[in-house]
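In case you want the letters, here they are:
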Amino acid sequence: MLQGSLKITSMAMLSRPVCGIRAKTLIINLPGSKKGALECLEIVSPAIWHAVDLLRGSDQRIKEIHSKVQSQHGCSGHHLEHSVISHSSGDVNKMAHRHRVSPFPAISMDKALEIILQQSVLKEAETVSYSDCIGHILAEDVFASDPLPPFPAAIKDGYAVIAADGTGRKRVIGDATAGSEPGKALIGPGVCVRINTGAPVPLNCNAVVQVEDTKLLLADETGQNELEIEINVAAHPGKDIRPIGSDIAKGQKVLSRGMKLGYSEMGILATVGATTVSVYGLPKVGILSTGNELVQPGSALEPGKIRDSNKTVLMALFKEHGFPVIDLGIARDNVDALVAKLKYGLEMVDVLVSSGGVSMGEKDLLKPVLKEHFSAELHYGRVFMKPGLPNTFATVTNERNKRLVFGLPGNPVSAAVSANLFVIPALRKMSGHENLFVWDCLQVLSTIQLDPRPEYQRVGLKWSPDSTVPTAEVTGYQISSRLLSMTCANGLLVLPPRTANQTQVNAGEIVDCIVIGRL
């Protein structure tokens, strides 16, 4: 208990927690403060049931847990975190016997993300049309099969000449336009060819004189054809000509593995004739809402009901990042309904994202249902953060594949923040992205009181001409149920937990920020 408390605050060394036994009674002395008592109780509660078994001499139960722990970890001893997760389900059919204190330790955000990324496997490469590859990550290098330009091309509108011929009167003997075949006639002294931008330069011409440096001397009767001009400015060899391969050489690598394909990269593919390309697949995401209180957004509200906003928010978020999504609907708060929705979803998607049903209520069924009906591995059931404490992450594995399951809190802001912090990085890793977050640093405009948990406040980033860093404007009241705090938010302010030495962030201080929206 003391070890766990010291991870929260160094002030824990001033307390004197005591644990003892009298007859078959376990005695635990908690700190005097409400906050300290709750923190310590959360730390020791996962082990209490096993301690009671030891006191009562429940040999069969002791033998079972020792056998399970040893078989899971290949060693003796009590691996508390793993044994807690394997015994977390309780009895979903007996409400009175539900946990009064969460059996899941609240792990750090960094640890949670580490676990998620360990389970997030890169999708296999697939071949797609260049016109359908936007948003994908390139799985192999792309090389040019031809030079660009494939011929000496005029940079400007003007006249193709022999540079050594100098200035003076020239006879115009033809024209060269973009798309025409390069002229094969040899040009001699005193003559030139009218030429347009991008047109192939005639064989023995080695310069282009722009039209602004010439004067018309003679045209035909129709006025459509120039017969003679005067060149006023001498050209040097190579003037205003793009040599063969000057933009892209034949065999040059034009796009590298790991690049994200956007409109400019698609243009390069079209330029070099790469009409099919190898990219990493995009994970398919299923979005499930849970709760008896939820109705569709278009429904009229009846007593006790609210409209489901989480699914809309999450589907829009993942679509904005380029990931395909499937609407899995709303699961009612009973085991059969949840099992049916999860079973269908796990057959259809790579990543299943559920909101609600992960806290301490009698209808919070996701964890036990995943464990008992899908043999899921529950990697964690709480994260020490605000908002988003009840975050849950599990994997469901069969002989063919492994599915990721994110159990997000039901409060709208908690779900949106958690999706940005946990689900988006997983999807980005699975689809081949190297950078999982976009970080920035910014200046806070007002004093912010710190919470005991690390907090992610919603802010709008703004730039001013006289500042070297953006400023952050908090988007109003930050309660986790208030979706309005996500309106106009394009950043999550990363605030440290409150300590004895730091209780607030002062106006003007520079803090870290995770960018979550377009700037």
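Within any chain, residue numbers begin from 1 and follow the written order of that chain's sequence. In view of the model being predicted, local features appear only for residues whose pLDDT reaches at least 70, and side-chain atom pairs are presented and counted only at 80 or more, with totals across whole chains, interfaces and linings using the full set of residues. The basis for every side-chain value is the complete set of heavy atoms in the structure, and neither hydrogens nor water enter the calculation.

A short note on the sheet that holds strand 26 (residues 471-474)
At least two bridges found by DSSP between two strands is the condition for calling them paired. For the purposes of this entry, the term helix denotes a DSSP run of H or I that reaches at least four residues, the term strand denotes a run of E that reaches at least two, and both are numbered from the N terminus. Spatial ordering of the closed barrel is given by 23-26-25-27-29, a layout of five strands whose pairing is mixed. Strand-to-strand twist across the sheet, computed as the mean angle between neighbouring axes with direction ignored, equals 55 degrees. When strand 25 (residues 455-462) meets strand 26, the two strands line up antiparallel, connected through four bridges. Counted as the bridge partner of Gly460 is Glu473 from strand 26. We call two residues in contact whenever any of their non-hydrogen atoms come within 4.5 Å of each other. Helix axes use the C-alpha atoms of the stretch in contact, all axes being lines fitted to C-alpha atoms, and the angles between their N-to-C directions lie in the range 0 to 180 degrees. Seen against the sheet, helix 10 (residues 412-430) touches strand 25, strand 27 (491-495) and strand 29 (510-515) and runs at an angle of roughly 80 degrees to strand 25.

Observations concerning the sheet that holds strand 20 (residues 377-380)
Spatially, the six strands line up as an open sheet ordered 18-15-19-22-21-20, and their pairing is mixed. On the outer flanks of this sheet lie strand 18 (325-331) and strand 20, each paired with one strand and no other. Pairwise comparison of adjacent strand axes, ignoring direction, gives a mean angle of 20 degrees for this sheet. Across five bridges, strand 15 (residues 285-290) lies against strand 18 in parallel orientation. In the strand pairing of strand 18, Ile287 is matched with Asp327. Of the strands in this sheet, strand 20, strand 21 (392-397) and strand 22 (402-408) are in contact with helix 5 (residues 109-119), which crosses strand 20 at around 145 degrees. The sheet strands contacting helix 9 (residues 366-374) are strand 19 (351-355), strand 20, strand 21 and strand 22, and the helix crosses strand 21 at an angle near 15 degrees.

Observations concerning the packing of helix 7 (residues 310-320) against helix 10
Interaxial distance between helix 7 and helix 10 falls to 10 Å at its minimum, and their mutual angle equals 30 degrees. Taken together, helix 7 and helix 10 sit at an angle that is classed as roughly parallel. Crossing handedness for the pair helix 7 and helix 10: right-handed. Across from Asn310, Val313, Leu314, Leu317 and Phe318 in helix 7, the residues of helix 10 making contact are Pro412, Ala415, Ala416, Ala419, Asn420, Val423, Ile424 and Leu427. Throughout this entry, Asp, Glu, Lys and Arg are counted as charged residues, while Ala, Val, Leu, Ile, Met, Phe, Trp, Tyr, Cys and Pro are counted as nonpolar. The remaining residues, Gly among them, count as polar. Class assignment for the residues of the contact of helix 7 with helix 10 results in eleven nonpolar, two polar and no charged. We call two directions roughly parallel when the angle between them is under 35 degrees, roughly antiparallel when it is over 145, roughly perpendicular when it lies between 65 and 115, and oblique otherwise. Each crossing gets its hand from how the near helix is turned against the far one by less than a right angle, where anticlockwise is left-handed and clockwise is right-handed.

Here's the deal with the packing of helix 8 (residues 335-348) against helix 9
In helix packing, the relevant descriptors are the interaxial angle and the interaxial distance, both defined with respect to the helix axes. In the contact formed by helix 8 and helix 9, the axes pass within 10 Å of each other and the chain directions differ by 65 degrees. As summarised for this structure, helix 8 and helix 9 are arranged roughly perpendicular, according to the angle between their axes. Handedness of the helix 8/helix 9 crossing: right-handed. On helix 9, the residues touching Val335, Leu338, Val339, Leu342, Lys343 and Leu346 of helix 8 are Leu366, Val369, Leu370, His373 and Phe374. Along the lines of polarity and charge, the residues of the contact of helix 8 with helix 9 split into nine nonpolar, one polar and one charged.

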